[in-house]
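The residues making up each chain are set out below.
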2 protein chains.
Amino acid sequence: MKTRVRIEDVAKRAGISTATVSRYINRSDYVSSKNAERIQAAIEDLNYVPHAAAQTLARQKTMTLGLFFPSLTSAYFSSLLRGVEMRANQANYTLLIHSSEMVTKEIRKKRALGEHNTDGIIVFSDSLDDEELIRLANRNFPVVLMHRSSPSFLNIPTVIIENKNGVYNLVSHLIEVHDCRRIAILRGPEKHENAYWREAGYRKALSEHNMAFDPDLVECGEFNTEQARLAVKRLLEKNIKFDAVFSGDDDAASGSMMALREAGLRIPEDVAVVGFDDQIIASHLSPPLTTIRAPIEQVGFQATDKLIQLIDGKPVELQTLLPTELIIRHSCGCKENFH
Amino acid sequence: MKTRVRIEDVAKRAGISTATVSRYINRSDYVSSKNAERIQAAIEDLNYVPHAAAQTLARQKTMTLGLFFPSLTSAYFSSLLRGVEMRANQANYTLLIHSSEMVTKEIRKKRALGEHNTDGIIVFSDSLDDEELIRLANRNFPVVLMHRSSPSFLNIPTVIIENKNGVYNLVSHLIEVHDCRRIAILRGPEKHENAYWREAGYRKALSEHNMAFDPDLVECGEFNTEQARLAVKRLLEKNIKFDAVFSGDDDAASGSMMALREAGLRIPEDVAVVGFDDQIIASHLSPPLTTIRAPIEQVGFQATDKLIQLIDGKPVELQTLLPTELIIRHSCGCKENFH
DNA sequence: CTGAAAGCGCTTACAG
DNA sequence: CTGAAAGCGCTTACAG
């Protein structure tokens, strides 16, 4: 009952060699129409599906892509994953996903994802350490980065987004339109390049408007709802005055709102709140969130596309920079409904 | 440069046979400590990692689990996936995930997930059709269901949750404590058993309180934020009067709140809103959502555990029923903060 | 257009 | 405790 149907069984039933059956299945060579019919019939009769591992071994190609993710808990990663899946499916690749959140150090040491089980990997931000990255690159193994620039001596292709200008526009809006003077910022994770550039955009907006950077207004939101909630709470408890908070991303913006509401503050009348990403929740928050739209899904799609090019030995641009866009809603203080 | 390091290379460097190297790596037999050391050194020198497909082929075991999901867009599935991953990782299994949302019919017809590339599969609700389910079961291929009962003649193990009683308690709370008289219900997807039993709980609560079931109060929320928003909008536009809405799940509850707010209605003063699941967003909504806590992650964990037992040829309980719990917050009208 | 046969990189009885 | 060799289920030059 558990005995597997093999290509040999199909060949026998069709009265033909396994070589020809293989050619028919893979469309890798012409097969006489008479034989094609008999093979097709045999396949359907026997319900034959090729054994993936045997194909992989014979072809020396896994037809699977590896994906290093930090976590799967945020809706952010669902969007990213959609983009990756879409392109991978188009090209008939299967996905192997590892979230650093779930995979223990021990498992990672066993090299859960690499040359032994994928044709190439995609790395989100710092979810894979430099050491392993360098090892793979040195072996010429196809790797693409998302939201992280290549170590300068390696030239690993990467897809990034326009963080700095986006935040610059966002914070400038707060200053120019809503006359905000004390804008708190919730930083993202330390090694996260998005976090770095978003802070740079924030600083640029301040300095261009002749406002001093005040360390008191800086907290760590970690691109995380609960962390952000606690961060804003700390600000409040330290009695720091602020009239706006740039939360780092939308998840954190949602946490900021919770903390403010819990303190009895009104948004945006007492404190304006803005985010980054324009995730689905952004428009559902109350008040609807003013934020920067980032093409999250596109990043996944483009990175996967690059990886496939790389695997096929085609040339790829080393860096793709995707644009972002200011989305005005109500949490900044604007009244009109722009969306 | 791209030449692979094989077990043979390790064997040569250690001056020993591949058989012994294999035994050492898999701890499948005793190896003299002298040889063990030399093998370990060779592995590290060469940076050797076994080729997954070759192992699969030789062992006749893929060490991977297949997962059929409807989509990845809701945070709900992140939780479920966490549970699955946790158990799979413990047992050293890899995951292959297919969301029906992303996978085209064409791909599915090619049998993307099955005996040729997994040791067993987990099926969420109706994300795999009966035909394929029956085919697999007839071949004795390990399958476990989540939120779906087995076709009666098949005895496929399943993990489900207490929907009916949960909703019964929830709706009874609305009636008894908040004196709600016209409670709208947003149905889930048609073939979804959770949807069926939740409606059953709703009906039971009504009838036990001598309230008539009014078809006017029924709409389709599809366990989806946007669909639910539109559904409540329809109710409002049809001028149906209601003082509460059981939204089917938390995603839909969030959509209900949006529609009500857009219509200028206050929650819970004008209309109470309740959900099901107690997802992370539930406590973040404004007002915080009264709902039923479902052990989402546990469902994933238990289903995966069952599947592993099945693969190992161990006996499993045919049906695991996980309890749910009423979580009172503010969206029902309660003032105290219970959580 | 087709077939015989080697080979992909492992594991595992079998014999010692 | 160890090794030689068969076998897992495919694909693909090679020869025809």
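Criteria and cut-off values
- Residues numbered from 1 in each chain as written.
- Chains lettered and ligands numbered in written order.
- Predicted model: local features only at pLDDT ≥ 70, side-chain atom pairs only at ≥ 80, totals over all residues.
- Heavy atoms only, no water.
- Helix = DSSP H or I, 4+ residues; strand = E, 2+ residues; numbered from the N terminus.
- Rg over C-alpha atoms; globule rule 2.2 N^0.38 Å.
- Areas by Shrake-Rupley, 256 points an atom, 1.4 Å probe, with all protein chains shown as cover.
- Lys, Arg positive; Asp, Glu negative; His and termini not counted.
- Charge placed at Lys NZ, Arg CZ, Asp CG, Glu CD.
- Buried < 20%, exposed > 50% of the residue type's maximum accessible area, 1.4 Å probe, protein only.
- 1 Å grid on protein atoms, 1.4 Å probe; cavity = no way out; pocket = protein on both sides within 12 Å on 5 of 7 lines; lining within 4 Å.
- Points joined across faces, edges and corners; volume = space filled by probe spheres on them.
- Nonpolar A, V, L, I, M, F, W, Y, C, P; charged D, E, K, R; others polar.
- Axes fitted to C-alpha atoms, helices over the stretch in contact; angles between N-to-C directions.
- Parallel < 35°, antiparallel > 145°, perpendicular 65-115°, else oblique.
- Left-handed = near helix turned anticlockwise from the far one by under 90°.
- Contact = heavy atoms within 4.5 Å.
- Pairing = 2+ DSSP bridges.
- Near = heavy atom within 4 Å.
- Polar contact = N/O pair within 3.5 Å; in protein donor to acceptor, adjacent residues only side chain to side chain.
- Buried area = accessible area lost by both parts, 1.4 Å probe.
- Salt bridge = Lys/Arg side-chain N within 4 Å of Asp/Glu carboxyl O.
- Least-squares fit on C-alpha atoms with pLDDT ≥ 70 in both.

Caption draft 1: Structural context of the overall build of chain A. Of the regular secondary structure elements, chain A holds 13 helices and twelve strands. For chain A, the C-alpha radius of gyration of 26 Å lies well beyond 20 Å, the compact-globule estimate for 339 residues. A total accessible area of about 15,200 Å² is found for chain A, and carbon and sulfur atoms account for 49% of it. Positive and negative charge centroids in chain A, built from 41 and 44 side chains respectively, lie 7 Å apart.

Caption draft 2: Just the environment of B:Ile185, in detail. All names here are of chain B. Relative to the elements of secondary structure, Ile 185 occurs in strand S6 (residues 183–187). Looking at Ile 185, the relative accessible area reads 2%, which means it is buried. The spacing of Ile 185 and Cys 220 is 35 residues in sequence and 8.1 Å in space, taken between C-alpha atoms.

Caption draft 3: Empty space enclosed by the protein, seen in detail. Evaluation of the coordinates by the stated rule reveals five cavities of 30 Å³ or more. Considering only enclosed or pocket space, the largest cavity measures out at about 150 Å³ in volume. Lining of the largest cavity is provided by 14 residues; of these, A:Ile97, B:Glu85, B:Thr94, B:Leu95 and B:Ile97 occupy positions nearest its centre. Considered as a void within the structure, the second largest cavity measures approximately 60 Å³ in volume. The set of elements that each furnish at least two residues to the lining of the second largest cavity consists of helix H5 (75–90) of chain A together with helix H5 (75–90) of chain B. Along the lines of polarity and charge, the residues of the lining of the second largest cavity split into six nonpolar, two polar and no charged.

Caption draft 4: Up close: the packing of helix H10 (residues 225–237) of chain B against helix H11 (residues 250–262) of chain B. All names here are of chain B. Two elements in contact, H10 and H11, have axes separated by 7 Å at closest approach and are oriented at 40°. In terms of orientation, H10 lies oblique with respect to H11. As for how H10 packs across H11, the hand of that crossing is right-handed. Each of Thr 225, Ala 228, Arg 229, Val 232, Lys 233 and Leu 236 in H10 lies in contact with H11, whose residues at this interface are Asp 251, Ala 252, Ser 254, Gly 255, Ser 256, Met 258, Ala 259, Leu 260 and Glu 262. Looking at the contact of H10 with H11, its residues break down into seven nonpolar, four polar and four charged.

Caption draft 5: Geometry of the sheet that holds strand S7 (residues 218–220) of chain B. Residue and element names in this part refer to chain B. One open sheet accounts for four strands, arranged S7-S6-S8-S9; its pairing is parallel. Either end of the sheet is taken by a strand with one partner, and the two such strands are S7 and strand S9 (272–274). Averaged over neighbouring strand pairs, the angle between their axes works out to 20° when direction is ignored. Running over the sheet, helix H9 (residues 193–208) touches S6 and strand S8 (244–246) and is turned about 165° from S6.

Caption draft 6: Representation of the pairing of strand S5 (residues 158–161) of chain A. Residues and elements named next belong to chain A. Burial along S5 is two-sided: the face carrying Thr 158 and Ile 160 and the face carrying Val 159 and Ile 161 are both buried. Across two bridges, strand S4 (residues 143–146) lies against S5 in parallel orientation. Along S5, the bridge assignment pairs Leu 145 with Thr 158. Relative to strand S11 (residues 319–322), S5 runs parallel, the two sharing four bridges. Across the sheet, Ile 160 pairs through a bridge with Leu 321, a residue of S11.

Caption draft 7: Looking closely at the protein's contact with DNA strand D. Residues in contact with DNA strand D amount to 29 residues; listed here are only the nearest, A:Ile7, A:Ser22, B:Arg23, B:Tyr30 and B:Asn35. Counting only atoms of DNA strand D within 4 Å of the protein, the fraction found in sugar and phosphate groups is 70%. In this structure, a base nitrogen belonging to DNA strand D sits 3.0 Å away from a side-chain N or O atom of A:Arg23. B:Arg23 places a side-chain nitrogen or oxygen 2.4 Å from a base oxygen of DNA strand D.

Caption draft 8: Structural detail: the interface of chain B and chain A. Between chain B and chain A, the residue contacts involve 49 residues of the former and 49 residues of the latter. Note on chain B versus chain A: buried area summed over both sides is about 4,400 Å², and carbon and sulfur give 55% of it. Between chain B and chain A we count zero salt bridges in total. Along the contact surface separating chain B from chain A lie six residue pairs in polar contact (both at pLDDT 80 or more).

Caption draft 9: Highlighting the relation of the copies chain B and chain A. The operation relating chain B to chain A is a screw motion whose rotation component is 180°, with 0.0 Å of axial translation and a residual RMSD of 0.0 Å. These values place the two chain copies in the arrangement generated by a two-fold rotation axis. The C-alpha atom lying nearest the rotation axis in chain B is that of B:Ala53; the distance is 2.3 Å. Looking at the interface residues of chain B, 100% of them are also at the interface in chain A, so both copies use one shared face.

Caption draft 10: How the structure looks around the protein's contact with DNA strand C. Close to DNA strand C lie 29 residues, the nearest being A:Arg23, A:Tyr30, A:Asn35, B:Ile7 and B:Ser22. Considering the 4 Å shell around the protein, atoms of DNA strand C inside it are sugar or phosphate in 71% of instances. Here A:Gln60 contributes a side-chain N or O atom positioned 3.2 Å from a phosphate oxygen of DNA strand C. B:Arg59 is positioned with one of its side-chain polar atoms (N or O) 3.3 Å from a phosphate oxygen of DNA strand C. The dominant element in the surface near DNA strand C, judged by the number of residues it contributes, is helix H4 (residues 52–59) of chain B, at five residues. Considered class by class, the residues forming the surface near DNA strand C number 14 nonpolar, nine polar and six charged.

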